[in-house]
Amino acid sequence: MTLWKRLFSSTSAPQARERLQILLSHERQVLGGSDLLSSLREEILAVVAKHVPCEQDNVKVRLERGTPMSILEIEVEVRGNLDIGISKAA
Amino acid sequence: MAKIITVTSGKGGVGKTTTTAAIGAALARTGDKVVVVDFDVGLRNLDLIMGAERRVVYDFVNVIQGDARLPQALIKDKRLDSLFLLPASQTRDKDALTEEGVDKVIGDLSRHFDWVICDSPAGIERGATLAMRHAEIAIVVTNPEVSSVRDSDRIVGILDAKTLKAERGETVDKRLLLTRYDPVRAARGDMLKTEDVLEILSLPLLGIVPESPDVLKASNMGVPVSINDPNSAPARAYHDAALRLKGEDIAMETPRQRLGLFGKFLRRAA
Ligand SMILES: Nc1ncnc2c1ncn2[C@@H]1O[C@H](COP(=O)(O)OP(=O)(O)O)[C@@H](O)[C@H]1O
Ligand SMILES: [Mg+2]
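Given the structure is predicted, the values throughout are model-derived calculations rather than measurements.

## A short note on the sheet that holds strand β8 (residues 205–210) of chain B
All names here are of chain B. An order of β3-β4-β2-β5-β1-β6-β7-β8 is seen for the 8 strands of this open sheet, with the pairing classed as mixed. Every interior strand has two partners, whereas the edge strands, β3 (75–76) and β8, have only one. Each of β1 (3–8), β2 (34–38), β4 (83–86), β5 (115–119), β6 (137–142), β7 (173–181) and β8 touches helix α1 (residues 16–29); the most contacted strand, β5, lies at about 170° to it. Contacts from helix α10 (residues 194–201) reach β6, β7 and β8 within the one sheet, and its direction differs from that of β7 by about 150°.

## So, the packing of aromatic side chains
Residues and elements named next belong to chain B. This model, assessed by the stated rule, comprises 2 aromatic pairs over all chains. Relative to F60, the ring of F39 lies with its centre 5.2 Å away and its plane at 85°, an arrangement referred to as edge-to-face. Here F60 lies in helix α3 (residues 60–64) and F39 lies in the loop between β2 and α2 (46–49), a separation of 21 residues in the sequence. F60 matches F39 in its accessibility class, with the two residues each being buried. Just above the ring of F113 sits the side chain of K33; from NZ or CZ to the centre is 5.0 Å.

## Here's the deal with the site of ligand 1
Residues and elements named next belong to chain B. In the vicinity of ligand 1 lie 13 residues, with G13, K16, T17, T18 and R180 positioned nearest. G15 places a main-chain nitrogen or oxygen 3.0 Å from an oxygen atom of ligand 1. Between an oxygen atom of ligand 1 and a main-chain N or O atom of T17, the distance comes to 2.9 Å. Out of a free accessible area of 560 Å², ligand 1 has 78% covered by protein chains. Mapped onto the shell around ligand 1, the elements with two or more residues apiece are α1 and β8. Of all the elements, α1 adds the most residues to the shell around ligand 1, at 3 residues. Of the residues contributing to the shell around ligand 1, the split by class is 4 nonpolar, 6 polar and 3 charged.

## Examining the nonpolar core
Buried together is how nonpolar side chains tend to be arranged in soluble globular proteins. Residues and elements named next belong to chain B. By size, the foremost hydrophobic cluster in this structure holds 38 residues, and its most contacted members are I23, V34, I117, I139 and L245. Per-element accounting of this core gives the leading share, 7 residues, to α1. Among the nonpolar cores identified, the runner-up in size contains 25 residues, and A2, V35, A73 and L130 belong to it.

## A few points about the packing of helix α7 (residues 146–159) of chain B against α10 of chain B
All names here are of chain B. Contact pair α7 / α10: the axes reach a minimum separation of 10 Å and the direction vectors enclose 30°. Classified by the angle their axes make, α7 and α10 are roughly parallel. Here α7 runs over α10; the crossing is right-handed. Of the residues in α10, those touching α7 at V149, S152 and D153 are V197, I200 and L201.

## Considerations on the packing of α1 of chain B against helix α13 (residues 233–245) of chain B
Residue and element names in this part refer to chain B. Look at α1 against α13: their axes get within 9 Å of each other, and the N-to-C directions meet at 65°. If you check the angle between α1 and α13, you find them roughly perpendicular. For the crossing formed where α1 meets α13, the hand is right-handed. Taking contact as the criterion, the partners of T18, T19, A22, I23, A26, L27 and R29 in α1 are, on α13, Y238, H239, A241, A242 and L245. Among the residues making up the contact of α1 with α13, the classes are represented as 8 nonpolar, 3 polar and 1 charged.

Criteria and thresholds
- Residues numbered from 1 in each chain as written.
- Chains lettered and ligands numbered in written order.
- Predicted model: local features only at pLDDT ≥ 70, side-chain atom pairs only at ≥ 80, totals over all residues.
- Heavy atoms only, no water.
- Pairing = 2+ DSSP bridges.
- Helix = DSSP H or I, 4+ residues; strand = E, 2+ residues; numbered from the N terminus.
- Contact = heavy atoms within 4.5 Å.
- Axes fitted to C-alpha atoms, helices over the stretch in contact; angles between N-to-C directions.
- Phe/Tyr/Trp six-rings, centres within 6.5 Å; stacked < 30°, edge-to-face > 60°.
- Buried < 20%, exposed > 50% of the residue type's maximum accessible area, 1.4 Å probe, protein only.
- Lys NZ or Arg CZ within 6 Å of the ring centre and 35° of its normal.
- Near = heavy atom within 4 Å.
- Polar contact = N/O pair within 3.5 Å; in protein donor to acceptor, adjacent residues only side chain to side chain.
- Areas by Shrake-Rupley, 256 points an atom, 1.4 Å probe, with all protein chains shown as cover.
- Nonpolar A, V, L, I, M, F, W, Y, C, P; charged D, E, K, R; others polar.
- Core = buried A, V, L, I, M, F, W, Y, C linked by side-chain atoms within 4.5 Å.
- Parallel < 35°, antiparallel > 145°, perpendicular 65-115°, else oblique.
- Left-handed = near helix turned anticlockwise from the far one by under 90°.

That's the geometry; what it means functionally is another story.
Structure follows, in structure tokens:
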């Protein structure tokens, strides 16, 4: 049965699917093709950098397209233990 | 005002020109006024697929450069009264199409037709971005195969960035047309399934066109496949797609494998 299956139902499609999903999530991030992502990134960096030390590479903006909803993921890495002033207020 | 459609894909050889002719003819058969426009400067082929190659006198570039008026360059289809072709130029100068020229011609066409269908060249360069510039609807032609899916994804990104709609902060209505779909290989599991491609690209599905010898036959005769043998499987797929573009709610038919005796035996055994 296994041999039968291997001879007659080679399933390479799942591999194609998996490779594409990995590749495209990467390419969408890097290329995006979109000016939206790079302008978001720049403007977010500008706002954050006004208040805390933050560099270009610390802002990651990712778009996962989907229906009926897309996910815009924004990640900002800030060095050190960030003091957001709660202790002072308390 | 016409609805402007661009047939695009990134990758070459996936079926853009076949689709432009087939959907153009299918829409024209419903009585709508349709013009198909070949943007593949230097490699024009839409004229051949439409069977109009011997009637090309003036082309897109002649019109842009003022050597001919638009009505002189438009070729009326032999079979359908409301179907017209604007052929591409065979010049090797890729810069012959200019942004202003394209804007003017598409603007003029859209005042006189119900549908303007732009056949994009392959690639992501100027020719392709000019072809998509005015698109309200983009038909993203994709084969169920890794490189085609990747290139389609790339094109979707460009449609969202480099079209007039994108510049206005709007989005192009993108529809996936899966072509050269082989039900036998899909059933065997060595071709990406429709659901796989839909999930990866997350675009609404306009139709599924099966791989079929009818396409080659129609192109040999110079007749759009949708009207060459209207009962063939690809013709039906293209007609359904055309009706969906017109807003009709047509049930999606996945091309099914026609099982021969041996196939039936295999399926029972598996
Ligand atoms: N559904 C199909 N079944 C079989 N052959 C097809 C199908 N669609 C396109 N073809 C063939 O594929 C080749 C490329 O098609 P074409 O429409 O010229 O692609 P493109 O314009 O994207 O380069 C042609 O030889 C055409 O006959
Ligand atoms: Mg072509």
